[in-house]
Amino acid sequence: MAKDIRFFELNTGAKIPSVGLGTWQSQPGLVGQAVASAIKIGLVLKKLFEDGVVKREELWITSKLWHTEHAPEDVPVAFERTLNYLQLDYLDLYLIHWPVRLKKGSVGLNPENLMPTDIPSTWKAMEALYDSGKARAIGVSNFSSKKLADLLAVARIPPSVNQVECHPIWNQAKLRQFCKSKGVHLSAWSPLGSPGTPWINSNGNVLKHPIVTMVAGKVGKTPAQVALRWGLQMGHSVLPKSTSEERIKENFDIFDWSIPDELFSKFSEIEQVRLVKGESIINELSQYKTLDDLWDGELSYRACMHVVHHYCVNRNLEDSSASSDSLWPIEWAYISYHDAES
């Protein structure tokens, strides 16, 4: 029988809710729209709190530090800006968006904008946010096993979460095992492979993969539900995103059923390939001159994973489209609701 797990406990003791909804979806370059959207979210949240529709402690809100804000003195400024836009006193989780740094005030991933990262210094500033109580948990996103290991070696407060691309076509086998061994929660953005993003799907379509569609037919569910349920049974967070009410309801219908063992084992036959490779970061002026430099060899492999049956869920938000705006701490604000009694 499938377990209806509503939370995961992080290494801080905080309980992160399972499946949620991302709040941001816009075209790249629309800085004004990014600010307006963030302010609108803040106004909506304020009204919900004032009207008693939901309590702040019943929401899990995550945001991210953008590449231009990596300098230690800029981290708290970026963080406070996010709080101000969202009209909040604290965030439940704050993440370093990528192990990538851009010149302050620059827009876009142009080669001349790239700077060498100093993750230890940036992380110290993140730790200060955690110490202040304004960031209840801190973590990273898009870190390889090696980059996460390098951070863990110098961190006073270990990251609680590593949010990465993860789905049946890219199961993050190596990184998953490493995170588990270190007590870092693996959280999957793009668990459906971003079906509405053509440049991602050109590398592989999760929802049209023969094994995913075959399993969907056998269990009487949609390919999206199967891809999400696969994530739960692998034991990591799944962060689907949709603006359609019907699709949102469908994405949440993944708790009271499971993929049988004989079908679940079929996923181990899928050849693995990373869909979002980060090519725009690779150039001679960058510290990452090859994709191997960025991902430390974690790019593709033939699947060789053990079948895992944790029947776990995590309710959070999905990471999705890329933007060139310098306001990504606003764009990557996520909201999740959970029943305080569950």
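Up top is the structure.
What you see is a predicted model; the values in this text were computed from it and never measured.

Caption draft 1: Structural detail: the overall build of the chain. Along the backbone of the chain there are 12 helices and 14 strands. Looking at the chain as a whole, 55% of its 342 residues qualify as buried. Restricting the contact set of the chain to residue pairs at least 6 apart, pairs at least 24 apart contribute 74%.

Caption draft 2: Main features of the nonpolar core. Judged by nonpolar contacts, the single largest core of 34 residues is most densely connected at Leu91, Tyr94, Trp123 and Met126. When contributions to this core are tallied by element, the ones reaching two or more residues are α1 (31-50), β4 (59-65), α2 (75-86), β5 (93-96), α3 (119-132), β8 (138-141), α4 (145-154) and α5 (173-182). Setting aside chain neighbours within four positions, we find Met126 in contact with Leu65, Val75, Tyr94, Leu95, Ile96, Ile138 and Gly139. Formed by 28 residues, the second largest nonpolar core is a distinct cluster that contains Leu207, Ala216, Val238 and Leu263.

Caption draft 3: Looking closely at the side chain of Asn113. Following the sequence through the fold, Asn113 ends up in the loop between β6 (101-102) and β7 (114-115). From its side chain, Asn113 meets the backbone oxygen of Val107 in a polar contact 3.3 Å long. For Asn113, the residues in contact, after removing those within four places along its chain, are Arg101, Leu102, Lys103, Ser106, Val107 and Gly108.

Caption draft 4: Here's a closer look at α4. Taken as a whole, α4 has its buried residues at Ser145, Lys147, Leu148 and Leu151. With its buried residues spanning 165° around the axis, α4 presents them on a single face. In α4, the exposed positions that point more than 90 degrees away from the buried face belong to Ala153 and Val154. Packing partners of the buried residues in α4 comprise α3, β8, β9 (161-165), α5 and α11 (291-295).

Caption draft 5: Geometry of the packing of α4 against α5. Contact geometry of α4 with α5 gives a least axis separation of 10 Å together with a crossing angle of 20°. If you check the angle between α4 and α5, you find them roughly parallel. For the pair α4 and α5, the sense of crossing is left-handed. Across the interface between the two elements, Ser145, Leu148, Ala149 and Leu152 from α4 touch Lys174, Leu175, Phe178, Cys179 and Lys182 from α5. In terms of residue class, the contact of α4 with α5 is built from six nonpolar, one polar and two charged.

Caption draft 6: Here's a closer look at the pattern of salt bridges. Within this structure, the stated rule accounts for 10 salt bridges. Linking Lys134 and Glu80 is a salt bridge whose minimum nitrogen-to-oxygen distance equals 2.8 Å. Here Lys134 is found in the loop between α3 and β8, whereas its partner Glu80 is found in helix α2, with 54 residues between them in sequence. What makes Lys134 partly exposed here is its relative accessible area of 34%.

Caption draft 7: Seen up close, the pairing of β8. Where burial is concerned, the two faces of β8 agree: the one with Ile138 and Val140 and the one with Gly139 and Ser141 are both buried. For β5 and β8, the ladder comprises three bridges, and the chain directions are parallel. Across the sheet, the residue bridging to Ile96 is Val140, located in β8. Summarising the sheet, β8 and β9 pair through two bridges and their orientation is parallel. Residue pairing for β9: Val140 is matched across the bridge by Asn162. In the classification by handedness, the crossover that spans β8, the intervening α4 and the parallel β9 is right-handed.

Parameters at a glance
Residues numbered from 1 in each chain as written. Predicted model: local features only at pLDDT ≥ 70, side-chain atom pairs only at ≥ 80, totals over all residues. Heavy atoms only, no water. Helix = DSSP H or I, 4+ residues; strand = E, 2+ residues; numbered from the N terminus. Buried < 20%, exposed > 50% of the residue type's maximum accessible area, 1.4 Å probe, protein only. Contact = heavy atoms within 4.5 Å. Core = buried A, V, L, I, M, F, W, Y, C linked by side-chain atoms within 4.5 Å. Polar contact = N/O pair within 3.5 Å; in protein donor to acceptor, adjacent residues only side chain to side chain. Arc of directions from axis to C-beta. Axes fitted to C-alpha atoms, helices over the stretch in contact; angles between N-to-C directions. Parallel < 35°, antiparallel > 145°, perpendicular 65-115°, else oblique. Left-handed = near helix turned anticlockwise from the far one by under 90°. Nonpolar A, V, L, I, M, F, W, Y, C, P; charged D, E, K, R; others polar. Salt bridge = Lys/Arg side-chain N within 4 Å of Asp/Glu carboxyl O. Pairing = 2+ DSSP bridges. Right-handed = clockwise from strand over helix to strand, strands pointing away.

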